[in-house]
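One letter stands for each residue in the lines below.
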Amino acid sequence: MDLAGIGVWSSQLRYGDPGQAAEAAAELEELGFTALWIPDVGGPVLDSVANLLSSTKQVVIATGILNLWMHEPAEVAATYASLTAEHGERFLLGIGVSHAPLIDSKEPGLYRKPLAATRAYLDGIDATENPVPVANRVLAALGPKMLELAATRSRGAHPYLVTPDHTRYAREHLGEGPLLLPEQTVFLTNDREEARAVGTNWLRSYLALPNYANNLLRSGFTQEELDSVSDRLFDALIAWGDEETVLNRVNEHLQAGADHVCVQVLTADPREFPHEQWRRLGAAVS
């Protein structure tokens, strides 16, 4: 499973019309992106994985991430085995513990001891008849303990909403062997006001989640910067500008120790498939 190069992280591929998602995935593969990442905040995420695998030939399809509170280990392992048998080893299973406000809003008190819960989930997968190979799974990881678990129980880490400085920090904690696959949000515009209008509201939804907020505080940002979404914070988390600006940020992650960077494109309408932006980025990296 080759994870070199640049991938695409997309909520549209997961929650958009399945037919449009299949067509978009095929085009993204032709554009040269090496992996397509999809989120999971509930619902049949493995059906979306199957749809994307069926519409492509070589590109890796990755969950970024599969929410461990929402899927039974035995079901995930069985479906993984079935999809791999049909499509080859192109399914990278990204597993994550999500966030207490999201999980507890549906079942109060469910979210507890995230590190132990992740370890137990991996134990559950490993105890099945067809466990997902360690080499074909990664963990959402931000802090040192989860990064250590990612290094010892999976192929590596998939950090989300991070800076190149965090990528350097993550590489130091992972060591040289495990994969490091960060997400980078981008906005193709040279208009700061436009970038701010879209990106600030998008960021606020994530900054309200303790795992991300705590990681940014640990990374040197202040609570005041999080509350106000300061320019320094905004520019550190969202690479806005032209294609060169985006590629420079991707290269910063790679130079800091990333093996692969998955780019998430923001647009004014989060429901639309950003075909034009994907094509521009594909042309720039080819």
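Residues numbered from 1 in each chain as written. Predicted model: local features only at pLDDT ≥ 70, side-chain atom pairs only at ≥ 80, totals over all residues. Heavy atoms only, no water.

**With respect to the overall build of the protein chain**
Part 1: Each helix and strand counted, the protein chain has 14 helices and eleven strands in total.
Part 2: Against the 2.2 N^0.38 benchmark of 19 Å for 286 residues, the protein chain shows a C-alpha radius of gyration of 18 Å, consistent with a compact globule.
Part 3: For the C-alpha atoms alone, the extent of the protein chain along its principal axes is close to 55 × 40 × 40 Å.
Part 4: Taking all 286 residues of the protein chain together, the buried fraction comes to 55%.
Part 5: Long-range pairs, those at least 24 residues apart, make up 73% of the contacts in the protein chain with a sequence separation of at least 6. (Helix = DSSP H or I, 4+ residues; strand = E, 2+ residues; numbered from the N terminus. Rg over C-alpha atoms; globule rule 2.2 N^0.38 Å. Buried < 20%, exposed > 50% of the residue type's maximum accessible area, 1.4 Å probe, protein only. Contact = heavy atoms within 4.5 Å.)

**Description of the nonpolar core**
Part 1: Grouped together as the largest cluster of nonpolar side chains are 58 residues, with contacts concentrated most on Leu-13, Leu-36, Phe-91, Leu-93, Ile-95, Trp-278 and Leu-281.
Part 2: Take this core: its biggest share by element is five residues, from helix 3 (residues 45-54).
Part 3: Filtering out sequence-adjacent residues up to four positions away, Ile-95 remains in contact with Ile-65, Leu-66, Leu-68, Tyr-121, Leu-122, Ile-125, Val-138, Leu-139 and Ala-140.
Part 4: Judged by nonpolar contacts, the second largest core, of 36 residues, contains Ala-35, Leu-207, Phe-221 and Leu-266. (Core = buried A, V, L, I, M, F, W, Y, C linked by side-chain atoms within 4.5 Å.)

**Quick look at helix 14 (residues 275-285)**
An α-helical segment advances 3.6 residues per turn. Residues three or four places apart therefore align on the same side.
Part 1: Listed in full, the buried residues belonging to helix 14 are Gln-277, Trp-278, Leu-281 and Gly-282. Looking straight down helix 14, one finds that the buried residues subtend no more than 135° of arc, so they occupy a single side. Seen from the buried face of helix 14, the exposed residues on the opposite side, beyond 90 degrees, are Glu-276 and Ala-283.
Part 2: Residues of helix 14 that are buried make contact with strand 1 (6-9), helix 1 (12-15), helix 2 (18-31), strand 9 (183-188), helix 13 (243-255) and strand 11 (261-265). (Arc of directions from axis to C-beta.)

**Looking at the packing of helix 13 against helix 14**
Part 1: Viewed as axis vectors pointing N to C, helix 13 and helix 14 meet at an angle of 65°, and their least axial separation amounts to 10 Å. Handedness of the helix 13/helix 14 crossing: right-handed. Between helix 13, through Glu-243, Val-246 and Leu-247, and helix 14, the contact on the second element is made entirely by Arg-280, Leu-281, Ala-284 and Val-285.
Part 2: Along the lines of polarity and charge, the residues of the contact of helix 13 with helix 14 split into five nonpolar, no polar and two charged. (Axes fitted to C-alpha atoms, helices over the stretch in contact; angles between N-to-C directions. Left-handed = near helix turned anticlockwise from the far one by under 90°. Nonpolar A, V, L, I, M, F, W, Y, C, P; charged D, E, K, R; others polar.)

**Topic: the side chain of Arg-196**
Part 1: Its place among the elements puts Arg-196 in helix 9 (residues 192-207).
Part 2: Beyond its immediate sequence surroundings of up to four residues, Arg-196 is in contact with Val-229, Ser-230, Asp-231 and Phe-234.

**A closer look at the packing of helix 6 (residues 114-126) against helix 7 (residues 144-153)**
Part 1: At their nearest, the axes of helix 6 and helix 7 sit 10 Å apart, and the two run at 15° to each other. Comparing their axes, helix 7 and helix 6 come out roughly parallel. Between helix 6 and helix 7 lies a crossing whose hand is right-handed. Contact residues: Pro-114, Leu-115, Thr-118, Arg-119, Leu-122, Asp-123 and Asp-126 in helix 6; Lys-145, Met-146, Leu-149 and Arg-153 in helix 7.
Part 2: A breakdown of the residues in the contact of helix 6 with helix 7 according to their chemical character gives five nonpolar, one polar and five charged. (Parallel < 35°, antiparallel > 145°, perpendicular 65-115°, else oblique.)

**Examining the pattern of salt bridges**
Part 1: Taken as a whole, this structure holds twelve salt bridges when the rule is applied.
Part 2: The salt bridge partner of Asp-165 is Arg-168, with a shortest N-O separation of 3.0 Å. Pair noted here: Asp-165 and Arg-168 are both in helix 8 (residues 164-174), with a separation of three residues, about one helical turn.
Part 3: Taking the relative accessible area as the measure of exposure, Arg-168 reaches 39% and is therefore partly exposed.
Part 4: A salt bridge links Asp-231 to Arg-192, with the shortest nitrogen-to-oxygen separation between them at 3.7 Å. Here Asp-231 is found in helix 12 (residues 231-237), whereas its partner Arg-192 is found in helix 9, with 39 residues between them in sequence.
Part 5: Judged by relative accessible area, Asp-231 falls into the partly exposed class, the value being 44%. (Salt bridge = Lys/Arg side-chain N within 4 Å of Asp/Glu carboxyl O.)

**Section: the pairing of strand 2 (residues 35-38)**
Part 1: Burial along strand 2 is two-sided: the residues Ala-35 and Trp-37 and Leu-36 and Ile-38 are all buried.
Part 2: Pairing geometry for strand 1 and strand 2, over two bridges, is parallel. When the bridges of strand 2 are listed, Trp-9 appears paired with Trp-37.
Part 3: Looking at chain direction, strand 2 and strand 3 (residues 60-63) are connected through four bridges and run parallel. Among the inter-strand pairings, Trp-37 is bridged to a residue of strand 3, identified as Ala-62.
Part 4: Handedness of the β-α-β unit built from strand 2, helix 3 and strand 3 comes out right-handed. (Pairing = 2+ DSSP bridges. Right-handed = clockwise from strand over helix to strand, strands pointing away.)

**Observations concerning the UniProt feature "domain: Luciferase-like" (unreviewed entry) in the protein chain**
Part 1: Taking the UniProt record as the reference, the feature "domain: Luciferase-like" (unreviewed entry) is found at residues 13-260.
Part 2: As annotated, residues 13-260 comprises 53% helix and 13% strand, and the C-alpha atoms at either end are separated by 19 Å. (UniProt positions renumbered as here; feature names shortened; annotations may be inferred.)

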